[in-house]
Amino acid sequence: MAELVSEYKIAKEIYEHGKEIILTDEAQEMKKFTQHGDTSVFEHAVSVAKYSLIYAIAFEKIFGKELDKKSLVRGALLHDYFLYDWHEKHKGHGLHGFTHPRTAADNADRDFDLNDREKDIISKHMFPLTPIPPKHIESAIVCIADKWCAICETFKIDISSYIIYRINFRFDLVRGNIRIGRESHALK
Ligand SMILES: [Fe+2]
Ligand SMILES: [Fe+2]
């Protein structure tokens, strides 16, 4: 897919579409929880946003149909916004695979202003484990990208470290955690 669009452009597009989510303390909470292997839920979400965008761009080129890429990225970023450690089975998370899409959708709906497409992306991303199929192409794309990222993370195959670095870099820059150039030009 490298010939379709560069990693730099993908990172830029994820940030532009997703910054109202990425820059919030609420979304940053996902860094506290592990998803697969050594990957945090936040890193997993960024990785899913990356592959969702790549698949969407390929879909648009093949079928000549424009997709809602902003909703795609926002839904991908929040698809696992369940905000607990699902490895702690003794805390009632034994049915996590079946229940977390609803939990994530409810949490996301509480903390962010979502449209119907974004809600569908979040609540249907575990299809076919959860039986109701995605209603939109964007939801189906995130559903597929999620499975691809989960496999790579489980087997510790690095597919998204550059994108994750870029997104964290933009976050730190906006928050003033890092400074570029001379002190007089430093971001406040
Ligand atoms: Fe999930
Ligand atoms: Fe996921």
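Residues numbered from 1 in each chain as written. Chains lettered and ligands numbered in written order. Predicted model: local features only at pLDDT ≥ 70, side-chain atom pairs only at ≥ 80, totals over all residues.

A. The arrangement of the packing of helix α4 (residues 69-78) against helix α7 (residues 137-154) in detail. Interhelical geometry of α4 versus α7 gives an angle of 40 degrees and a closest axis separation of 10 Å. With respect to α7, the axis of α4 lies oblique. You can see that α4 and α7 cross each other, and the crossing is right-handed. Across from Ser71, Leu72, Gly75 and Ala76 in α4, the residues of α7 making contact are Glu138, Ile141, Val142 and Ala145. (Axes fitted to C-alpha atoms, helices over the stretch in contact; angles between N-to-C directions. Helix = DSSP H or I, 4+ residues; strand = E, 2+ residues; numbered from the N terminus. Parallel < 35°, antiparallel > 145°, perpendicular 65-115°, else oblique. Left-handed = near helix turned anticlockwise from the far one by under 90°. Contact = placed C-beta atoms within 7 Å.)

B. Seen up close, the packing of helix α1 (residues 7-22) against α4. Direction vectors running N to C along α1 and α4 enclose 50 degrees, while the axes themselves pass 9 Å from each other. Taken together, α1 and α4 sit at an angle that is classed as oblique. Our pair here, α1 against α4, has a crossing hand that is right-handed. Contact with α1, carried on its side by Ile14, His17, Gly18, Ile21 and Ile22, involves Lys69, Lys70, Val73, Arg74, Leu77 and Leu78 of α4 and no other residues of that element.

C. Region of interest: unusual backbone geometry. Of note, the bond from Phe127 into Pro128 is cis; its omega dihedral lies within 30 degrees of zero at 10 degrees. Position of Pro128 relative to the elements: it lies in the loop between α6 (116-123) and α7. Phi angles above zero are rare outside glycine, and Lys156 is one such case at about 55 degrees.

D. Broad picture of the nonpolar core. Ranked by internal contacts, the top residues of the largest apolar core, which has 40 residues, are Ile14, Ala45, Ala49, Ala76 and Leu77. Of all the secondary structure elements, the ones that give two or more residues to this core are α1, α3 (41-63), α4, α5 (96-111), α6, α7 and α8 (161-175). If you tally residues by element for this core, the top one is α3, at 10 residues. In this structure Ala76 touches Ala45, Val48, Ala49, Ser52, Ile121, Val142 and Ala145, once residues within four positions along its chain are discounted. (Core = buried A, V, L, I, M, F, W, Y, C linked by C-beta atoms within 7 Å. Buried ≥ 20, exposed ≤ 12 C-beta atoms within 10 Å, placed from the backbone.)

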